[in-house]
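Breakdown of the fold
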Amino acid sequence: MNKNRREILFEKIDNVFREDNSEFQSEDLKNIVKKHFDKSSHYLGLLKKYQLPLYLFETEILRKKAADFKNAFSSVLPNTCFYFAMKCNNHPELSRAMVKNGYGIDVSSGVELETALSVGAEDIVFSGPGKRESELLTAILNAGKVRVLVDSFGELERLKKIAKAYKTEIRIGVRLTTNPNALWRKFGIFPERLEEFYNETVKSKYIKFEGLQFHTSWNMNSDAQCEFLKKIGSVLENASDACKKAVSFIDIGGGYWPEQGEWLHYETTNVGMLEKSLDCLDPEKKNMHYIIPAKPIDFFAEEISKVIKEHIFSKTECRICFEPGRWVCNDSVQIFVSVVDVKEPDIAIVDAGINTIGWDRFEYDYFPVLNLTRPAMSEKRFNILGSLCTPHDVWGYSYWGEDIKAGDVLMIPMQGAYTYSLRQNFIKPIPDFVIV
Ligand SMILES: *Cc1c(COP(=O)(O)O)cnc(C)c1O
């Protein structure tokens, strides 16, 4: 536990390069590239009808991922419920599609709550710190459809007051703090205070306490979730019978990393940054990308259900809820751009900027840039840059294809998560959002 940062990072280097054999292109990545290239004529045909750049939302991919996620957990647990975390992609049509796919919606603000209601969601959980009174009021006015996942003792008092004023019963859960350190502390109450919180809820006849929520993010495996479920088990062990009985659901949040793992640029992320600071950046690896592996969803289901059966069901036979965002919607949106200018032997400028995705994602995250006009299963070093007046406007440091010329159509696949939601009105217009 007392490893210093340097040791931890070096351990990570080891893991990373053992996992993918230090190859510039892993087999998994090649398979993903090939899968998308195989559809190039389909995409190019479709794109003729539209002006680039654009986002393409493929409802069938979302439907399949939503079903896969559900099946993984509902096949190992008796009573489950699924909510799509809207913040991950807040286009209303994604939420509408997820409602059709049999999901509830997890919202984190009044605006998101209004969107969820407008697309016909009947089962909504409202979580997040610092909910305003106007936001709590919207929840109360829609109490039949919304459960509030209360973030603090103060929020409970504010909710009680409004519920009483409107003489409306509201169903609630309470969010638990998973990590008492640093900034994660801003979420929820400490699990040790559950009984105290429950006792506050029963003082109001308008508050119906029903369960618990927690969320851990960036889960490459199920360790964090399993560890916290054990913690909840021990808290319930010591809880009063009334409190235990009141817990009819445990919502274990989202944060499941897609199975393809996290793809990062070597030079600008932990491993390379550390080497750079120690003045030992390996020039061979300078332009490389690497993969931090993630476990498949069936593995999460297996491990998490084992812990739930052992540590939770012995205290309460509750429903288990899930709030996936990234895992279900990552693959369902593709971005297409076209090359405006190849201005140097290694610089191409495309017609969309990072305002499309809202942040300098591709300086750190690697995603393949596929030249659909000249497909080839080889990756070439090349700076693929956007047309905004900022040097942070990077799509990638390489492309897959035979060559690259002005007018070529490039695809950046798997951009469904944390891109559209973060789009910004900055210099260039936001691309159209096309749904198929
Ligand atoms: C962000 C968030 C999620 C979704 O996280 P993903 O990493 O997109 O799966 C779920 N629940 C809560 C409370 C969140 O804050």
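Below is a summary of the structure that appears in this document. (Residues numbered from 1 in each chain as written. Predicted model: local features only at pLDDT ≥ 70, side-chain atom pairs only at ≥ 80, totals over all residues. Heavy atoms only, no water.)

**Comments concerning the overall build of the protein chain**
Put simply, the rule reads: Elements are defined by DSSP. Helices are runs of H or I of four residues or more, strands are runs of E of two residues or more, and each kind is numbered from the N terminus. Based on C-alpha atoms, the radius of gyration is set beside the globule rule, defined as 2.2 Å times the residue count to the power 0.38. Each residue gets one of three labels from its accessible area relative to the maximum for its type: buried under 20%, exposed over 50%, partly exposed in between, using a 1.4 Å probe on protein chains only. Contact definition: two residues touch when any of their heavy atoms are within 4.5 Å. Per-residue and other accessible areas were derived by the Shrake-Rupley procedure at a 1.4 Å probe size, with only the shown protein chains allowed to occlude residues. Counting rule for charge: Lys and Arg are taken as positive, Asp and Glu as negative, and neither His nor the chain ends is counted. A single reference atom marks each charge: NZ on Lys, CZ on Arg, CG on Asp, CD on Glu.
Along its length, the protein chain carries 15 helices and 18 strands. For the protein chain, the C-alpha radius of gyration of 23 Å lies close to 22 Å, the compact-globule estimate for 436 residues. Across its three principal directions, the C-alpha atoms of the protein chain cover 70 × 50 × 40 Å. Per-residue burial for the protein chain yields a buried fraction of 56% across its 436 residues. Of the contacts made within the protein chain by residues no fewer than 6 positions apart, 74% connect residues no fewer than 24 positions apart. For the protein chain, the accessible surface area stands at approximately 19500 Å², while carbon and sulfur atoms represent 50% of it. In the protein chain, 56 side chains carry a positive charge and 61 a negative one; their mean positions are 5 Å apart.

**With respect to the packing of helix α10 (residues 223–237) against helix α13 (residues 297–311)**
The cut-off we apply is this: All axes are obtained by fitting lines to C-alpha atoms, using only the stretch in contact for helices, and the reported angles, taken between N-to-C directions, cover 0 to 180 degrees. Should an angle lie under 35 degrees it is considered roughly parallel, over 145 roughly antiparallel, and from 65 to 115 roughly perpendicular; all remaining angles are considered oblique. Under the convention adopted here, Pro, Cys and the residues Ala, Val, Leu, Ile, Met, Phe, Trp and Tyr are nonpolar, Asp, Glu, Lys and Arg are charged, and Gly plus all remaining residues are polar.
Where α10 contacts α13, the two axes come as close as 9 Å, and the packing angle between them is 10 degrees. For the element pair α10 / α13, the angle class is roughly parallel. On α13, the residues that touch Gln 225, Cys 226, Leu 229, Lys 230 and Gly 233 of α10 are Phe 300, Glu 303, Ile 304, Val 307, Ile 308 and His 311. When the residues that make up the contact of α10 with α13 are grouped by side-chain class, the tally is 6 nonpolar, 3 polar and 2 charged.

**Brief notes about the site of the ligand**
Convention followed: Here a residue is considered near a molecule or strand provided that any single heavy atom belonging to it is located within 4 Å of it. Under this definition, polar contacts are N or O atom pairs within 3.5 Å; protein pairs additionally need one hydrogen-donor-capable and one acceptor-capable atom, and for neighbouring residues in sequence, both atoms have to be side-chain atoms.
The immediate surroundings of the ligand are formed by 14 residues, with Lys 87, Gly 255, Glu 323, Arg 326 and Tyr 418 found nearest. Residue His 215 places a side-chain N or O atom 3.4 Å away from a nitrogen atom belonging to the ligand. Residue Arg 326 places a main-chain N or O atom 2.8 Å away from an oxygen atom belonging to the ligand. For the ligand, whose free accessible area comes to 390 Å², the fraction covered by protein is 90%. Of the residues contributing to the shell around the ligand, the split by class is 3 nonpolar, 6 polar and 5 charged.

**Points about a negative patch on the surface**
We apply this condition: Only residues above 30% relative accessible area that lack a salt bridge enter a patch, with like-charged residues linked at up to 9 Å and the nonpolar side chains Val, Leu, Ile, Met, Phe, Trp and Tyr linked at up to 5 Å. Any Lys or Arg side-chain nitrogen found within 4 Å of a carboxyl oxygen on Asp or Glu counts as a salt bridge.
A contiguous patch of negative charge on the surface is contributed by Asp 28, Glu 259, Asp 298 and Glu 302. Since its relative accessible area comes to 47%, Glu 259 is described here as partly exposed.

**Overview of helix α12 (residues 270–277)**
What counts here: The arc refers to the directions leading from the helix axis to the C-beta atoms.
Turning to α12, its buried residues are Val 271, Gly 272, Leu 274 and Glu 275. When α12 is viewed along its axis, its buried side chains cluster within an angular range of 160 degrees and face the same direction. At the C-terminal side of α12, Asp 279 shows a positive phi close to 60 degrees.

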